[in-house]
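# Analysis of the macromolecular model
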Amino acid sequence: MIYQFSFRYFSQKFTKPMITNHGIWEIRESIIIRLIDEKDDVSWGEISPISWFGSETIKQALDFCYQLPQTITKEIIFAIPDKLPACQFAFESSTHPGGFRLCSSELQSPNLTYSGLLPAGKSALNQWSNLWEQGYKTFKWKIGVNEINQELEIFDLLISSLPTSAKLRLDANGGLTYQQAKLWLKKCDQFSPKIEFIEQPLSVDKFTEMQELSNLYLTPIALDESIANLHQLESCFQQGWRGIFVIKPGIFGSPSQLREFCKQHQIDIVFSSVFETEIGRQASLQLAAKLSTNNRAVGFGINHFFQQQEANWLESLWKTF
Ligand SMILES: O=C(O)CCC(=O)c1ccccc1C(=O)O
Ligand SMILES: [Mg+2]
């Protein structure tokens with residue numbers, strides 16, 4: 001199969017900046033790719049890197065797109081190097097049947113439940129109810145952003161205001177010390193199993209410490225930054241991680257290699273967004289629908305971080321140069 005290839009840079013401003021332990025994120029930069037095959041079928045893909053997570057930068061992805069010929073083949077796509085995981089995802093998923101279609105009204109992902117992302121800090125306290133009204137029953141709140149005592153106080157308020165059937169995930173983005181992580185886990189254990197898990201309490205280099213913590217407390221630990229790509233996932237699995245794995249398809253790399261890994265190893269997965277557009281989202285949710293385990297809610301409740309796209313945004317984008 002031969003494809004005509006073109007691409008466009010695309011950026012979106014967050015309605016409120018995304019604040020994590022890694023800093024403040026204000027603009028989501030992406031590249032949308034378009035492939036047209038010999039039958040004139042058009043398919044789309046999305047490159048949305050997160051370099052502070054270990055993927056390529058937007059600049060590296062753009063450079064890659066610029067050096068490609070206008071006509072590309074599957075051989076070229078399957079030879080994209082591992083150091084460009086967000087590109088691997090975009091190109092491979094755009095050749096996958098059932099990918100994003102311009103006028104598809106049948107939004108798939110039937111059996112998925114969603115986790116709603118709360119803003120960091122005390123704004124979480126007046127935000128969760130909006131999401132609850134939209135049907136979210138699982139929430140994720142960022143920690144490791146402000147002073148720990150302040151966060152523990154907000155946590156108490158949050159926990160006591162959430163409905164009994166609600167679940168809460170905490171995401172430290174690797175921002176806690178070992179002692180702070182113990183404090184948080186001890187606190188969470190008091191509310192078990194309302195706290196579904198703590199995500200990436202320590203930095204990527206603290207694998208052994210996270211193993212240790214997962215043996216000391218009831219509240220599960222989920223790895224996220226530690227398993228940003230297939231190579232890291234394999235390494236953590238080999239070293240014996242049997243807790244939760246957070247997978248962000250948009251930066252993970254080749255979807256077919258992820259599917260292969262999941263066929264071979266029964267792992268407890270939570271799928272998670274990279275703040276992609278509808279294009280990357282549909283490709284990711286398709287994977288999630290196939291590979292999710294244990295009915296974990298997918299971390300794609302993030303639409304409130306962006307303005308609603310206009311219906312013809314993609315056609316408009318292709319008219320720009
Ligand atoms: O997983 C979710 O629930 C939402 C997505 C999310 O938190 C996220 C989105 C972009 C970059 C990093 C992260 C993260 O999990 O740390
Ligand atoms: Mg995370």
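See the structure shown above.
Note that the coordinates shown come from a computational prediction; the quantities given were computed from them, not determined experimentally.

### Some thoughts on the packing of helix H4 (residues 124-133) against helix H5 (residues 148-161)
- Look at H4 against H5: their axes get within 10 Å of each other, and the N-to-C directions meet at 25 degrees. The pairing of H4 with H5 is recorded here as roughly parallel in orientation. In terms of crossing hand, the pair formed by H4 and H5 is right-handed. Residue-level inspection shows Ala-124, Leu-125 and Trp-128 of H4 in contact with H5, the latter providing Ile-154, Leu-157, Leu-158 and Ser-161.

### Quick notes on the nonpolar core
- By size, the foremost hydrophobic cluster in this structure holds 55 residues, and its most contacted members are Trp-141, Leu-168, Leu-170, Trp-184, Leu-233 and Phe-271.
- The contact partners of Phe-271, leaving out residues within four places of it in the chain, are Ile-247, Pro-249, Leu-258, Leu-287, Ala-288, Leu-291, Ser-292, Val-298, Gly-299 and Phe-300.
- Listed in part, the 34 residues of the second largest apolar core include Ile-31, Ile-33, Ile-80 and Phe-275.

### Describing the packing of aromatic side chains
- What the rule picks out here adds up to 19 aromatic pairs.
- Here the aromatic rings of Phe-155 and Phe-191 are separated by 5.8 Å at their centres, their planes lie at 75 degrees, and the arrangement is edge-to-face. Note that Phe-155 is positioned in helix H5 and Phe-191 in the loop between helix H6 (178-189) and strand S8 (195-199), a separation of 36 residues in sequence.
- Judged by its relative accessible area of 24%, Phe-191 falls in the partly exposed class.
- Across the ring face of Trp-132, the terminal group of Lys-137 is positioned such that the distance to the ring centre comes to 4.8 Å.
- One cation-aromatic arrangement involves Arg-242 over Phe-237; the distance from NZ or CZ to the ring centre is 3.8 Å.

### Observations regarding the site of ligand 1
- Around ligand 1, the surrounding shell holds 16 residues, and the nearest of these are Lys-140, Lys-142, Asn-173, Lys-248 and Ser-272.
- Between an oxygen atom of ligand 1 and a side-chain N or O atom of Lys-248, the distance comes to 2.8 Å.
- Between ligand 1 and Ser-272, the relevant distance is 2.6 Å, taken from an oxygen atom to a side-chain nitrogen or oxygen of the residue.
- Within the complex, 99% of the 380 Å² of free accessible area of ligand 1 lies under protein.
- Looking at side-chain class alone, the shell around ligand 1 contains 6 nonpolar, 4 polar and 6 charged residues.

Calculation notes
Residues numbered from 1 in each chain as written. Chains lettered and ligands numbered in written order. Predicted model: local features only at pLDDT ≥ 70, side-chain atom pairs only at ≥ 80, totals over all residues. Heavy atoms only, no water. Axes fitted to C-alpha atoms, helices over the stretch in contact; angles between N-to-C directions. Helix = DSSP H or I, 4+ residues; strand = E, 2+ residues; numbered from the N terminus. Parallel < 35°, antiparallel > 145°, perpendicular 65-115°, else oblique. Left-handed = near helix turned anticlockwise from the far one by under 90°. Contact = heavy atoms within 4.5 Å. Core = buried A, V, L, I, M, F, W, Y, C linked by side-chain atoms within 4.5 Å. Buried < 20%, exposed > 50% of the residue type's maximum accessible area, 1.4 Å probe, protein only. Phe/Tyr/Trp six-rings, centres within 6.5 Å; stacked < 30°, edge-to-face > 60°. Lys NZ or Arg CZ within 6 Å of the ring centre and 35° of its normal. Near = heavy atom within 4 Å. Polar contact = N/O pair within 3.5 Å; in protein donor to acceptor, adjacent residues only side chain to side chain. Areas by Shrake-Rupley, 256 points an atom, 1.4 Å probe, with all protein chains shown as cover. Nonpolar A, V, L, I, M, F, W, Y, C, P; charged D, E, K, R; others polar.

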